[in-house]
Amino acid sequence: MRKKIVAGNWKMNNTLEEGLKLTSEIVNMVNDEVNDDVTVVLAPPFIHLTSVKNSINGAEKIYLSAQNCNEHPSGAYTGEVSAAMLNSIGVGYVILGHSERREYFSETNAELAKKVDAALEHNLTPIFCCGESQAIRENGDFVSFVCSQIKESLFHLSESDFSKVVIAYEPIWAIGTGLTASSEQAQEMHASLRTYIADQYGSEVADNTSILYGGSAKPGNAPELFACPDVDGGLIGGASLKSRDFVDIIKSY
Ligand code: PGA
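Residues numbered from 1 in each chain as written. Predicted model: local features only at pLDDT ≥ 70, side-chain atom pairs only at ≥ 80, totals over all residues. Heavy atoms only, no water.

All told, the structure shown has 15 salt bridges when counted by the stated rule. The partner of Asp230 in a salt bridge is Arg2, and the shortest N-O contact between them spans 3.9 Å. Of this pair, Asp230 sits in the loop between helix 11 (222–226) and strand 8 (233–236) while Arg2 is found in the segment before strand 1 (4–9), placing the two residues 228 residues apart along the sequence. Neither residue differs from the other here; Asp230 and Arg2 are each classed as buried. Residue Asp161 is joined to Lys164 by a salt bridge in which the shortest nitrogen-to-oxygen separation is 3.1 Å. Take Asp161: its relative accessible area is 24%, and that puts it in the partly exposed class. Taking the relative accessible area as the measure of exposure, Lys164 reaches 43% and is therefore partly exposed. Residues participating in the shared-partner salt-bridge network are Arg2, Arg194, Asp230 and Asp232. (Salt bridge = Lys/Arg side-chain N within 4 Å of Asp/Glu carboxyl O. Helix = DSSP H or I, 4+ residues; strand = E, 2+ residues; numbered from the N terminus. Buried < 20%, exposed > 50% of the residue type's maximum accessible area, 1.4 Å probe, protein only.)

Counting residues in each nonpolar core, the largest one holds 69 residues, and the members touching the most others are Leu86, Leu154, Phe162, Ile167 and Leu193. In this structure Leu154 touches Val116, Phe128, Phe162, Val165, Ile167 and Tyr201, once residues within four positions along its chain are discounted. Within the second largest apolar cluster, 12 residues are counted, among which are Ala7, Ala43, Ile127 and Val166. (Core = buried A, V, L, I, M, F, W, Y, C linked by side-chain atoms within 4.5 Å. Contact = heavy atoms within 4.5 Å.)

Within the chain, Lys11 stands out as a residue other than glycine whose phi angle is a positive 55 degrees. Mapped onto the elements of the fold, Lys11 is located in the loop between strand 1 and helix 1 (16–33). Phi at Ser216 takes a positive value of approximately 55 degrees, unusual for a residue other than glycine. Within the fold, Ser216 resides in the loop between strand 7 (211–214) and helix 11.

Below, the discussion takes up the packing of helix 7 (residues 142–154) against helix 9 (residues 183–201). It is the contact of helix 7 with helix 9, at a shortest axis distance of 10 Å, that shows an interaxial angle of 40 degrees. Compared by their axis directions, helix 7 and helix 9 come out oblique. In this structure, the crossing between helix 7 and helix 9 has a hand that is right-handed. Between helix 7, through Phe142, Val143, Val146, Cys147, Ile150, Lys151 and Leu154, and helix 9, the contact on the second element is made entirely by Glu188, Met189, Ser192, Leu193, Tyr196 and Tyr201. The residue inventory of the contact of helix 7 with helix 9, partitioned by class, reads 10 nonpolar, 1 polar and 2 charged. (Axes fitted to C-alpha atoms, helices over the stretch in contact; angles between N-to-C directions. Parallel < 35°, antiparallel > 145°, perpendicular 65-115°, else oblique. Left-handed = near helix turned anticlockwise from the far one by under 90°. Nonpolar A, V, L, I, M, F, W, Y, C, P; charged D, E, K, R; others polar.)

Two packed helices can be described by the angle between their axes and the distance between those axes. One can describe the packing of helix 1 onto helix 12 (residues 243–251) by two numbers: an axis separation of 9 Å at closest approach and a directional angle of 30 degrees. Crossing of helix 1 over helix 12 shows right-handed handedness. Mapping the contact onto sequence places Leu22, Glu25, Ile26, Met29, Val30 and Glu33 in helix 1 and Ser243, Arg244, Phe246, Val247, Ile250 and Lys251 in helix 12. Of the residues belonging to the contact of helix 1 with helix 12, the class tally is 7 nonpolar, 1 polar and 4 charged.

Around the ligand, 13 residues are found, and the nearest of them are Lys11, His98, Glu170, Gly176 and Ser216. Contact between the ligand and His98: an oxygen atom at 2.6 Å from a side-chain N or O atom of the residue. Take Gly176: an N or O atom from its main chain is 2.7 Å from an oxygen atom of the ligand. Burial of the ligand by the surrounding chains reaches 95%, relative to a free accessible area of 280 Å². A breakdown of the residues in the shell around the ligand according to their chemical character gives 4 nonpolar, 7 polar and 2 charged. (Near = heavy atom within 4 Å. Polar contact = N/O pair within 3.5 Å; in protein donor to acceptor, adjacent residues only side chain to side chain. Areas by Shrake-Rupley, 256 points an atom, 1.4 Å probe, with all protein chains shown as cover.)

Below, the discussion takes up helix 12. Among the residues making up helix 12, those that are buried are Ser243, Phe246, Val247, Ile249 and Ile250. Down the axis of helix 12, the buried side of the element spans an arc of 155 degrees, and every buried residue falls inside it. Those residues of helix 12 that are buried are in contact with strand 1, helix 1, strand 2 (38–43), helix 11 and strand 8. (Arc of directions from axis to C-beta.)

Worth remembering: the numbers are spatial, not functional.
As structure tokens, then:
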């Protein structure tokens, strides 16, 4: 059975005080209101990871994620953070290949393949983001575009390593825009990705791969998206900065 996961990507938001307030509200609401079968992940900025970890301590269903890691093990890479460092402070997940990293920091599929390797080597679960631009959506090649992102960054993995990866489909035209993929559009892409993974690794691996949806998910549209058979949760940006909205999204499973 694949995992249901709802992850909150805070991006570059929240001072420490704001982040800790948000965390404690989420912890309380999740403890009181959320079923055990959903895994909740919080992805604050690097600088807040340890403090947020201390604040979620004891909340069994809440895990911590970074928003990026460097592909090198260590060395002269000023300003960067390695997978080993994240592992050493108790981080369990890392978001890789977010479209903002691809766009503003020129991350390529080849570089992301190395980041995925670094993450897996240090026992971090990659949440690998993929998704097409508006122009690609309009020209109709969106399924093959997203499949090639997955192929180029993930298909070098062994079956057992691939089985540790979580995928997040995030159409760029829906991120932070208020436009959401319809449940039909999300289901179409998620089912296509699952078939593509099955062709490479077999149907058992594909059936066990969690594929999250991201892009303007909100309490109002999450129930419909999560009802799609191939949508296994969400990667939530803006709405994860409001505890009530984030927990309502989790509860809509
Ligand atoms: P959004 O962001 O929910 O604000 O659209 C999603 C994401 O970028 O992960």
